[in-house]
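One letter stands for each residue in the lines below.
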Amino acid sequence: ANLVKQNHVEYVKRVCASKENVRRRTYHDLETFVAHFREWMPKHKTALQAAVNKLAAEMPWEWVWLINGSSKGIAQIPWSFIHGSPEGMAHTIHNAIVLPEDHLTWAISQTEVDRLLSTLLEERIHVLQKQHPVPWARLYREWGWTQLASDSGAMWMPLSKQVKMAGFSGVKFPQHRINPDTPWPWVMKRREEEQDVLWVPITPFATAGNTLEKVAHGFMRVHKGEPLSKAYGSAQWQTKENVKWFTEHIGDHSLCWHCYHPEETAAVLIGIVETQERPPK
């Protein structure tokens, strides 16, 4: 509870301010959010330690920094876990990985091993992103992204406020999932058709379905000209598959299905590269 109160309050407030996000989740305020956490059992801890050890054993030495969290003088970050509810998705809170019940079942039964290890690695990267945002920000800038703000007050900033800060008005965003692992406001600024354009990463909810998983991954293309659509004003929704600069950036890889935001994209792509560099079994 203290970890949430110290590091995750703004995220919970942001979620609870969205009726659609609340409808698809099982909490509506900080108290009900914390109530989802469950007690650990010895078998959970033993199984997770074995899973982390297996991940480390399979990893090439060039990537071991992902396991211990230390590189070039950066202090080591211990692994920390929170036992989440059965309904949730794996995510991070500050330096801790929240694992839903099914992931712990995989660890104990040693089923879905590859899926479990992939999740652990991706969420581990999200922990490192939150603990050491500066070096990660350098990577995203090299990719061409622009961070609209970097102070703590900018974390999980509403998209409408983000684009207004960048000087773009008249933009309406569809109802979308608020991701705990993408706290910072990153956009792609481009010059297209003699206009300044922002590409804002977003995951709109599917009209059919009531779960968090039912989303699309893509971007709102925002510009300062005349309204592009009645629904979104000076913006236009594009799935990531239809955005040429993004598909050229990540390449044609089936495992990148949930790439969109640079923090999510980095976690997925690094996991793919690390896996490909593992020695054959």
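Being a predicted model, the structure only gives us computed values, none of them experimental.

Novice: Help me understand the sheet that holds strand β3 (residues 96-99), please; the structure alone is not making it clear to me.
Specialist: What links the strands of a sheet is backbone hydrogen bonding, and the strands pair in either a parallel or an antiparallel sense. Read from one edge to the other, the open sheet built from three strands follows the order β1-β3-β2, with strand pairing classed as mixed. In this open sheet, the two edge strands, each paired with only one partner strand, are β1 (81-83) and β2 (91-93). Looking at each pair of strands side by side, their axes are set apart by 35° on average, direction ignored. Looking at chain direction, β1 and β3 are connected through three bridges and run parallel. Residue His-83 lies in a different strand from β3, and its bridge partner there is Leu-99.

Novice: Explanation requested: unusual backbone geometry in the structure shown.
Specialist: If a residue is not glycine, its phi is most likely negative; likewise, a peptide bond is most likely trans. Of note, the phi angle at Trp-156 is positive, near 55°, even though the residue is not glycine. Within the secondary structure layout, Trp-156 lies in the loop between β4 (145-147) and α10 (159-165). Although it is not a glycine, Glu-193 adopts a positive phi angle of roughly 50°. For Glu-193, the position within the fold is in the loop between β5 (186-192) and β6 (195-202).

Novice: What is the right way to read the state of the cysteines from this model?
Specialist: By definition, a disulfide is the covalent link that joins the sulfur atoms of two cysteine residues. Enumeration over the complete set of coordinates arrives at zero disulfides. Distance from the sulfur of Cys-259, which forms no disulfide, to the nearest cysteine sulfur (Cys-256) is 3.9 Å.

Novice: Explain the side chain of His-44 here, please?
Specialist: With respect to the element layout, His-44 can be found in helix α5 (residues 42-58). Residue His-44 is classed as buried on the basis of its relative accessible area, which comes to 4%. Setting aside its immediate chain neighbours within four residues, His-44 contacts Glu-39, His-83, Glu-101, Leu-104 and Ile-108.

Novice: Is there a simple way to think about the sheet that holds β4 in this case?
Specialist: With antiparallel pairing, the five strands of this open sheet are ordered in space as β4-β5-β6-β7-β8. Across the chains shown, the open sheet's two edge strands, defined by having one partner strand only, are β4 and β8 (235-239). Averaged over all adjacent pairs, the angle separating strand axes in this sheet is 35°, with direction ignored. Of the strands in this sheet, β4 and β5 touch helix α9 (residues 133-143), which is tilted by about 135° from β4.

Novice: Explain the packing of aromatic side chains here, please?
Specialist: One pair of aromatic rings is described through two measures. These are the centre distance and the angle between the planes. Across all of its chains, the model carries 13 aromatic pairs by this definition. Centre to centre, the rings of Tyr-140 and Trp-143 are 6.0 Å apart; their planes meet at 45°, and the pair counts as tilted. With Tyr-140 and Trp-143 both in helix α9 and three residues apart, this pair spans about one turn of that helix. Owing to a relative accessible area of 27%, Trp-143 belongs among the partly exposed residues under this scheme. Taken together, the ring pairs connect Trp-145, Trp-199, Phe-219, Trp-245 and Phe-246 into an aromatic cluster. Lying over the aromatic face of Phe-168, Lys-224 brings its terminal NZ or CZ to 5.0 Å of the ring centre.

How each quantity is defined
Residues numbered from 1 in each chain as written. Predicted model: local features only at pLDDT ≥ 70, side-chain atom pairs only at ≥ 80, totals over all residues. Heavy atoms only, no water. Pairing = 2+ DSSP bridges. Helix = DSSP H or I, 4+ residues; strand = E, 2+ residues; numbered from the N terminus. Axes fitted to C-alpha atoms, helices over the stretch in contact; angles between N-to-C directions. Disulfide = S-S within 2.5 Å. Buried < 20%, exposed > 50% of the residue type's maximum accessible area, 1.4 Å probe, protein only. Contact = heavy atoms within 4.5 Å. Phe/Tyr/Trp six-rings, centres within 6.5 Å; stacked < 30°, edge-to-face > 60°. Lys NZ or Arg CZ within 6 Å of the ring centre and 35° of its normal.

In short, shape yes, function no, at least from these values alone.
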